[in-house]
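Analysis of the macromolecular model
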Amino acid sequence: MKLRNILAHAGVYEAFQRLVGAERERRLYVERYVRPQVGDRVLDVGCGPADILDSLPSVTYVGFDMSLEYIQSARRRFGSRGEFEVGTVNQAMIGKHNGFDLVLANGVLHHLPDEDATALFTLAKAALKPGGRLVTFDGCYVESQSSIARFLLKKDRGEHVRDKESYLRLATGVFSDVTASVTDDLLRVPYTHLILECRRERLSDTSQTL
Ligand SMILES: C[S@@+](CC[C@H](N)C(=O)[O-])C[C@H]1O[C@@H](n2cnc3c(N)ncnc32)[C@H](O)[C@@H]1O
């Protein structure tokens, strides 16, 4: 059986995450980039087993993922701390959610071909309140990265690991306010992440002066 298929099991995925230091990765990611506020409404796209909930304050949380097994694991572990739904990122999902302060897509974009990645940005924009943010993190190719990081990215289950410019091109096709950060200190192993923060304009940002 291939590593990719083995990792599809929720228990194995979680054990692998612990091994590479994913808990610390998530904590730093939340502190530095997500910066959630108590009471925020949070939509987590491709939430997996919803491990991020351990690093969030008291928020209203909705997560969806195409894997029934991950959603069942999230329900068992977190119960009433959130709503967990089976759902796939695609055009049909756009507009199904709205009124969120934060949309997260943690480690999801690199699983999606360009068309579905654009659907993810579009559904996130529709789901956000004005001034709300979509925050994403994914593995990323950069020219100067270590051979170990590059090897790990090539072996990733996601078949659409990109370079910074390619992720940015997709994000700016939908959002006008995008900040991209490249970092290599989130995991215990050599690895390069790209974090995108995409803000939906406030109504005042778009209003014309008459
Ligand atoms: C690397 S895992 C990340 C899971 C979780 N966000 C986390 O940080 O632990 C990628 C997740 O994206 C989900 N996924 C991939 N393609 C998807 C799609 N088209 N629609 C919904 N979920 C998807 C997978 O099932 C998997 O749970």
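Quick summary incoming for the structure in this document. (Residues numbered from 1 in each chain as written. Predicted model: local features only at pLDDT ≥ 70, side-chain atom pairs only at ≥ 80, totals over all residues. Heavy atoms only, no water.)

Of regular secondary structure, the protein possesses eight helices and eight strands. Dimensions of the protein along its principal axes, counting C-alpha atoms only, are 60 × 45 × 30 Å. Within the protein, buried positions represent 49% of all 210 residues. The long-range share in the protein, meaning contacts at least 24 apart out of those at least 6 apart in sequence, stands at 66%. Summing over all exposed atoms, the protein offers an accessible surface of approximately 10,700 Å²; the carbon and sulfur share of this is 50%. Charge separation in the protein, taken as the distance between the mean sites of 28 positive and 28 negative side-chain charges, equals 2 Å. (Helix = DSSP H or I, 4+ residues; strand = E, 2+ residues; numbered from the N terminus. Buried < 20%, exposed > 50% of the residue type's maximum accessible area, 1.4 Å probe, protein only. Contact = heavy atoms within 4.5 Å. Areas by Shrake-Rupley, 256 points an atom, 1.4 Å probe, with all protein chains shown as cover. Lys, Arg positive; Asp, Glu negative; His and termini not counted. Charge placed at Lys NZ, Arg CZ, Asp CG, Glu CD.)

With the rule as written, the count across this model stands at four aromatic pairs. Summarising the aromatic geometry, the rings of F121 and F175 are spaced 6.4 Å apart at their centres and angled 75° between planes, so their arrangement reads as edge-to-face. Taken together, the residues F121 in helix α5 (residues 114–127) and F175 in the loop between α7 (164–172) and β7 (177–183) connect sequence positions 54 residues apart. Judged by relative accessible area, which is 0%, F121 ranks as buried. Each residue in the set Y29, Y33 and F137 is aromatic and connected to the rest through ring pairs, giving one cluster. (Phe/Tyr/Trp six-rings, centres within 6.5 Å; stacked < 30°, edge-to-face > 60°.)

Right, let's get into helix α3 (residues 22–34). The end-to-end C-alpha distance of α3, which contains 13 residues, comes to just 16 Å, noticeably less than the 18 Å that a straight helix rising 1.5 Å per residue would cover. Buried within α3 are the following residues: A22, E25, R26, L28, Y29, V30, Y33 and V34. Count one or two residues on from α3 and you reach R35, which has phi positive near 45°. (Expected span 1.5 Å × (residues − 1).)

Right, let's get into the pattern of salt bridges. Applying the stated criterion to the full structure yields nine salt bridges. A salt bridge links D185 to R32, with the shortest nitrogen-to-oxygen separation between them at 3.0 Å. A residue pair is termed long-range when its members are at least 10 positions apart, and D185 in the loop between β7 and β8 (193–199) and R32 in helix α3 qualify at 153 residues. Between R77 and D54 there is a salt bridge, and its shortest N-O distance comes to 2.6 Å. Of this pair, R77 sits in helix α4 (residues 68–78) while D54 sits in the loop between β1 (41–45) and β2 (60–65), and the two are 23 residues apart along the sequence. It is possible to trace a salt-bridge network through shared partners that takes in R26, D51, D54 and R77. (Salt bridge = Lys/Arg side-chain N within 4 Å of Asp/Glu carboxyl O.)

Here we take up the nonpolar core. Core analysis: the biggest nonpolar cluster contains 36 residues, and V45, V103, L120, F121 and L134 have the highest contact counts within it. With seven residues, α5 is the largest single contributor of residues to this core. Excluding residues within four positions of it along the chain, F121 makes contact with L109, L134, L170, A171, V174, F175, L196 and C198. L56, F78, L104 and L186 belong to the second-largest nonpolar core, a separate cluster that totals 23 residues. (Core = buried A, V, L, I, M, F, W, Y, C linked by side-chain atoms within 4.5 Å.)

The next thing to look at is the layout of surface pockets. Size it by volume and the second largest pocket reaches roughly 200 Å³. Looking at the second largest pocket, the residues that line it are E14, Q17, R18, A22, E23, R26, D51, D54, S55 and R77. Taken together, the elements giving at least two residues each to the lining of the second largest pocket come down to α2 (10–20) and α3. Here the residues of the lining of the second largest pocket sort into one nonpolar, two polar and seven charged. (1 Å grid on protein atoms, 1.4 Å probe; cavity = no way out; pocket = protein on both sides within 12 Å on 5 of 7 lines; lining within 4 Å. Points joined across faces, edges and corners; volume = space filled by probe spheres on them. Nonpolar A, V, L, I, M, F, W, Y, C, P; charged D, E, K, R; others polar.)

Unlike most non-glycine residues, R35 shows phi in positive territory, near 45°. Along the chain, R35 falls in the loop between α3 and β1. Unusually for a residue other than glycine, A50 sits at a positive phi of about 65°. Judged by relative accessible area, A50 falls into the buried class, the value being 0%.

Our focus in this paragraph is the environment of N106. Mapped onto the fold, N106 is located in strand β4 (residues 100–106). The buried category is assigned to N106, whose relative accessible area is 15%. Look past the residues within four positions of N106 in its chain and what remains in contact with it is Y29, D44, V45, G46, I52, V135 and F137. Reaching out from N106, the side chain makes a polar contact with the side chain of Y29 at a distance of 2.5 Å. (Polar contact = N/O pair within 3.5 Å; in protein donor to acceptor, adjacent residues only side chain to side chain.)

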